[in-house]
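What the coordinates show
So you can see what is in the structure, the chains are spelled out below.
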Amino acid sequence: MQILLGEENVPFPEEGYHGDDIKELAQAIYQEHGDSWKDLSEEERLDKMAQYGLSINIPKMKEDLLKYGIVYDQWFFESSLHESGYVAETVALLTEKGWTYEKDGALWLNTTQLLKEKYMREGKTQEQVDKLDLKDDVLRRANGFYTYFAADIAYHRNKLEVRKFDKAVDVWGADHHGHVARLQAALDGLGLDGSNRLIVVLMQLVNLMQDGKPVRMSKRSGKAIALHDLLDEISVDAARYFFNSRASTSPLDFDLDLAVREDSENPVYYVQYAHARICSLTSRMQEEGAAVPAAGEVDASLLKEPEELALIKALAQFPEEIHLAARDYDPSRINRYLVSLAGDFHRFYNSCRCMVEDKALQAARLKLADTVRSVLANGMGLLGVSAPEKM
């Protein structure tokens, strides 16, 4: 409307999102449709703009995610839940099971009772539960519209009941922490065991740092860095490694300067360099006629130096690190493990020569180094980070 009627005649809403991408979409709509949407009802115009925005933005999202190494098997539209009547059906099921009531023209979920039962099952005492500030939730407003919460319940019912996921793992911003138990309890009310089958990982904020200072950002004003812009500045490997370098419970300071450094201070470079160093070593020794032996051909008892033993112990820990990362929904354990393993290898490499006259010892050390290469490659593969053979 600003393009059509002049910016001075159509004030931009103060509470609106002020990102440049909104202006770009408006310009694209104008170029394609001119003033043909101007006289439509506001509802019809907003619907057309929403559909147009999706048609432009979703392909861009898919392209950016593909560049980052992510492909979603299914893109799920919230609107499909409403259009198919699945939200209404889900709310009707909750009513059928006795978990809803009407008040002030709206339909409410008895979240208080659901949470009380959930917390008692989890071992809280009646006294502890009574002290909690529990509130009920609106599922359908007095105007007949269903709430976000109702749609959330329906969506997760679809995951657990229709698509039959054993567990659904959601990743949310930490500001939504108060919503977790409520959604789990609602799914409990549907008989879907949401307390155990819905896992929510709460992510703390990421602070982008440059020149030792935070890069100022605000979702409201549109001052944000898009993933595709970030990947123009740093490698995909660095982005994936850095974003995964802290547990979800810890805020992350993402140092843009460190992410592009090519030295041991940069953890992804440090780990990748260890892998490339081993590839170079095994290639060089292959040229000298010393191929990596099979495990059964190696006398591991010859590996007695402290650096060798430290490396063997570190390698033995890898399966447990994967187990703990999966159990705790904390893949950052793998980052820390890889940095530690790379450090153990560099110390081994500097202290224990692989090219020695004792062929049995040479074979054992070469096999040890190549096993480190394999574990580093597997670990980086879990994180979606490449394992270069040369650097």
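In the block above lies the structure referred to throughout.
Notes on the structure follow. (Residues numbered from 1 in each chain as written. Predicted model: local features only at pLDDT ≥ 70, side-chain atom pairs only at ≥ 80, totals over all residues. Heavy atoms only, no water.)

**Overview of the overall build of the protein**
Of regular secondary structure, the protein possesses 18 helices and eight strands. A compact globule built from 391 residues would reach a C-alpha radius of gyration of about 21 Å, whereas the protein, at 28 Å, exceeds it by more than 25%. Across its three principal directions, the C-alpha atoms of the protein cover 85 × 60 × 35 Å. For the protein, buried positions account for 37% of its 391 residues. The contacts of the protein with a sequence gap of at least 6 include a subset with a gap of at least 24, amounting to 70%. (Helix = DSSP H or I, 4+ residues; strand = E, 2+ residues; numbered from the N terminus. Rg over C-alpha atoms; globule rule 2.2 N^0.38 Å. Buried < 20%, exposed > 50% of the residue type's maximum accessible area, 1.4 Å probe, protein only. Contact = heavy atoms within 4.5 Å.)

**Looking at the sheet that holds strand S1 (residues 100–103)**
The strand order S1-S2-S3 describes an open sheet built from three strands, whose pairing is antiparallel. Each edge of the open sheet carries a strand with a single partner, namely S1 and strand S3 (137–140). On average, each strand axis in the sheet is inclined to that of its neighbour by 45°, with strand direction left out of account. Pairing between S1 and strand S2 (residues 106–109): four bridges, direction antiparallel. (Pairing = 2+ DSSP bridges. Axes fitted to C-alpha atoms, helices over the stretch in contact; angles between N-to-C directions.)

**Concerning the side chain of Glu308**
Of note, Glu308 is situated in helix H15 (residues 306–316). A relative accessible area of 1% places Glu308 in the buried class. A distance of 2.6 Å separates polar atoms of two side chains, one belonging to Glu308 and the other to Arg365. Once residues within four sequence positions are removed from consideration, Glu308 is found in contact with Leu302, Leu303, Phe348, Cys352, Leu361, Arg365 and Leu368. (Polar contact = N/O pair within 3.5 Å; in protein donor to acceptor, adjacent residues only side chain to side chain.)

**Details of helix H17 (residues 332–351)**
Counted at 1.5 Å a residue, the expected span for H17 with its 20 residues is 28 Å, and the 29 Å between its end C-alpha atoms agrees. Buried residues along H17 sit against helix H12 (236–243), helix H14 (267–287), H15, helix H16 (318–327) and helix H18 (359–383). (Expected span 1.5 Å × (residues − 1).)

**A look at the nonpolar core**
Membership of the largest hydrophobic core comes to 50 residues, with the highest contact counts inside it found for Phe254, Leu338, Leu341, Phe345, Phe348, Val372 and Leu376. At 10 residues, H18 tops the list of elements feeding residues into this core. Apart from residues no more than four positions distant in its own chain, Leu376 is found in contact with Val271, Ala274, His275, Ile278, Leu338, Leu341 and Ala342. Membership of the second largest hydrophobic core comes to 32 residues, among which are Trp99, Leu114, Ala168 and Leu192. (Core = buried A, V, L, I, M, F, W, Y, C linked by side-chain atoms within 4.5 Å.)

**Describing the sheet that holds strand S6 (residues 206–210)**
The three strands lie next to each other as S7-S6-S8, forming an open sheet whose pairing is mixed. Each of the sheet's edge strands pairs with one partner strand only, and the pair in question is strand S7 (213–214) and strand S8 (252–255). Examined bridge by bridge, S6 and S7 share two bridges and lie antiparallel to one another. Looking at S7, one finds that Gln210 is bridged to Lys213.

**Digging into helix H5 (residues 86–96)**
Note: α-helices contain 3.6 residues per turn, so residues at a spacing of three or four share the same orientation. If you check which residues of H5 are buried, you get Tyr86, Val87, Thr90, Val91 and Leu94. The buried residues of H5 occupy an angular sector of 140° when projected down its axis, which confines them to one face. Looking at the buried side of H5, the elements it contacts are helix H4 (78–83), S1, S2, S3, helix H8 (148–162) and helix H9 (177–189). Gly98 lies just past H5 and shows a positive phi near 85°. (Arc of directions from axis to C-beta.)

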